[in-house]
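Coordinate analysis (summary)
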Amino acid sequence: PKLGASFYQAQTQAGAPPVIAPNFYWDFGKQSPRGPGKDAAIFSNCDRLDLFINGQKHATLTPDTQRYPHLRHAPFFADLDLDGGAHPELRIDGFMGNRLALSRSFSPDPSQDQLFFEADDKELLADGSDATRLVFKVVDHFGADRLGAEGEVKFEITGPADLVGDNPFVLADSGGVGAVWVRTKPGATGRVRVTATHSTLGGKSVEIDIRRVES
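Okay, so let's go over this structure. Every chain begins its residue count from 1, and numbering advances along the sequence as written. Whole-chain, interface and lining totals are the exception, using all residues; otherwise, since this is a predicted model, local features are given only for residues with pLDDT of at least 70 and side-chain atom pairs are given and counted only at 80 or more. Where side-chain values are given, they derive from all heavy atoms of the structure, hydrogens and water being excluded.

1. Digging into the overall build of the chain
- Elements are defined by DSSP. Helices are runs of H or I of four residues or more, strands are runs of E of two residues or more, and each kind is numbered from the N terminus. Each helix and strand counted, the chain has 1 helix and 16 strands in total.
- Taking the principal axes of its C-alpha atoms as reference, the chain extends roughly 60 × 40 × 25 Å.
- When accessible area is computed with a 1.4 Å probe and restricted to protein chains, residues below 20% of their type maximum are described as buried, those above 50% as exposed, and intermediate ones as partly exposed. The burial tally for the chain puts 40% of its 215 residues in the buried class.
- Contacts are assigned to residue pairs that have any heavy atoms within 4.5 Å of one another. A separation threshold of at least 6 residues defines the contact pool for the chain, and within that pool the share at least 24 residues apart is 61%.
- Only the protein chains shown count as covering a residue, and every accessible area follows the Shrake-Rupley method with a 1.4 Å probe. Total accessible area on the chain is roughly 11,600 Å²; 48% of this is exposed by carbon and sulfur atoms.
- Considering the chain, the positive charge centre built from 23 side chains and the negative charge centre built from 29 side chains are found 2 Å apart. Residues scored as charged are limited to Lys and Arg (positive) and Asp and Glu (negative), so that His and the chain ends carry no count. Charge positions come from single atoms, namely NZ of Lys, CZ of Arg, CG of Asp or CD of Glu.

2. What to know about the pattern of salt bridges
- Between Lys or Arg on one side and Asp or Glu on the other, a salt bridge is scored when a side-chain nitrogen of the former is within 4 Å of a carboxyl oxygen of the latter. Counting across every chain of the model gives 15 salt bridges.
- For E207, the salt bridge is made with R191, and the minimal N-O distance between the two is 3.3 Å. Of this pair, E207 sits in strand β16 (residues 202–211) while R191 sits in strand β15 (residues 190–198), and the two are 16 residues apart along the sequence.
- Note that E214 and R212 form a salt bridge whose closest N and O atoms lie 3.8 Å from each other.

3. Here we look at the packing of aromatic side chains
- Only the six-membered ring of Trp is used, alongside the rings of Phe and Tyr, when aromatic pairs are assigned; centres must lie within 6.5 Å, and planes under 30 degrees apart are stacked while those over 60 apart are edge-to-face, with the rest tilted. In the structure shown here, the tally under the stated rule is 8 aromatic pairs.
- For the pair Y68 and F77, a centre-to-centre distance of 6.0 Å together with 20° between the ring planes defines the contact as stacked.
- For a lysine, the NZ atom is tested; for an arginine, the CZ atom; a charge sits over a ring if that atom is within 6 Å of the ring centre and within 35 degrees of the ring normal. Positioned above the aromatic ring of F52, the side-chain terminus of R91 is 4.0 Å from the ring centre.

4. Overview of the nonpolar core
- By size, the foremost hydrophobic cluster in this structure holds 22 residues, and its most contacted members are F117, L134, F136, F155, V182, V194 and I208.
- Discounting chain neighbours no more than four positions away, the residues touching V194 are F117, L134, F155, E156, I157, L163, V182, K204, S205 and V206. Put simply, a nonpolar core is a bunch of buried Ala, Val, Leu, Ile, Met, Phe, Trp, Tyr and Cys residues held in one set by side-chain atoms that sit within 4.5 Å of each other.

5. Overview of the side chain of D93
- Take D93: it is sitting in strand β6 (residues 90–96).
- Think of a polar contact as two N or O atoms within 3.5 Å of one another; within protein, one of them needs to be a possible hydrogen donor and the other a possible acceptor, and neighboring residues in sequence only count if both atoms come from side chains. Reaching out from D93, the side chain makes a polar contact with the side chain of R91 at a distance of 3.1 Å.
- Once you skip the residues sitting within four places of it in the chain, D93 turns out to touch I20, R48, L49, D50, F52, L100, L102 and S103.

6. With respect to the side chain of D64
- Following the sequence through the fold, D64 ends up in the loop between β4 (56–61) and β5 (76–80).
- Those residues in contact with D64, other than ones at most four positions away along the chain, are A74, P75 and F77.

7. Let's talk about the sheet that holds β6
- Taken in spatial order, the 4 strands line up as β4-β3-β6-β7 in an open sheet, and their pairing is antiparallel. Each of the sheet's edge strands pairs with one partner strand only, and the pair in question is β4 and β7 (99–106). Within this sheet the neighbouring strands show an average axis-to-axis angle of 20°, counted without direction.
- Sheet analysis places strand β3 (residues 48–53) next to β6, joined by 6 bridges and oriented antiparallel. Note that in β6 the partner of L51 across the bridge is I92. By definition, two strands form a pair when at least two bridges between them are found by DSSP. The axes used here are C-alpha line fits, helices contributing only the stretch in contact, and every angle between their N-to-C directions lies in the interval 0 to 180 degrees.

8. As for the sheet that holds strand β2 (residues 37–44)
- One open sheet holds the 3 strands; their spatial order is β1-β2-β5, and the pairing between them is antiparallel. Two strands in the sheet have a free side with no partner beyond their single neighbour: β1 (20–22) and β5. Taking the axes of each pair of neighbouring strands and ignoring which way they run, one obtains an average angle of 35° across the sheet.

9. Describing the pairing of β3
- Most of β3 sits out of view: 5 of its 6 residues are buried.
- Where β3 folds back onto β4 in an antiparallel hairpin, the turn is made up of 2 residues, including N54, whose phi is positive at roughly 50°.

10. A closer look at the environment of R193
- With respect to the secondary-structure elements, R193 resides in strand β15.
- C-alpha separation for the pair R193 and G175, spaced 18 residues apart in sequence, amounts to 26 Å.
- Not counting residues up to four positions away in its chain, the partners in contact with R193 are E156, I157, T158, S205, V206 and E207.
- Within the structure, R193 has its side chain in polar contact with the side chain of S205 (distance 3.4 Å).
- Among the polar contacts listed, one links the side chain of R193 to the side chain of E207, at a separation of 2.9 Å.

Have a look at this one:
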């Protein structure tokens, strides 16, 4: 995942769903033992962000409209230079006016990481060309992307469709996130089940219904 995309995710029109997109990974590894640093950017379309470290109020942020006056939603900046040895957990609460619009949490503890596996579509047409993408990655126990995720993901498919993509898939070769595709067979209908199994984090499954093409 490219962190620069978080800037664009926040530049929404009025009435759009709330967005909280940090321009950093919540990581305290060898390359960032003190976390994101003193001027960490958070992109959001909220009016105010409240930051909590291990449940304790850390900062209240407002958009930096002075340095970024021409953006629809200016970025927020936080001092997140922290002692990684304390395993600090981050929560960001976003407010629209005085209303809590969105809350996101981030864990530094990789021992609780899990495999994310999800299909873009739950239903396909049995025309032999319809297909959908299945995304997989390693996330923390709150669902936030984990920096530098490694391991191997193997796939098993049952039902009237073909799996298209690397099997097994080495996550380290692609920045910790990847995808395969499920493609239908002409005239073959029914339910497809795909199971992804990570070398250390266990497995997840998705199901897709293949329906006949109406004449």
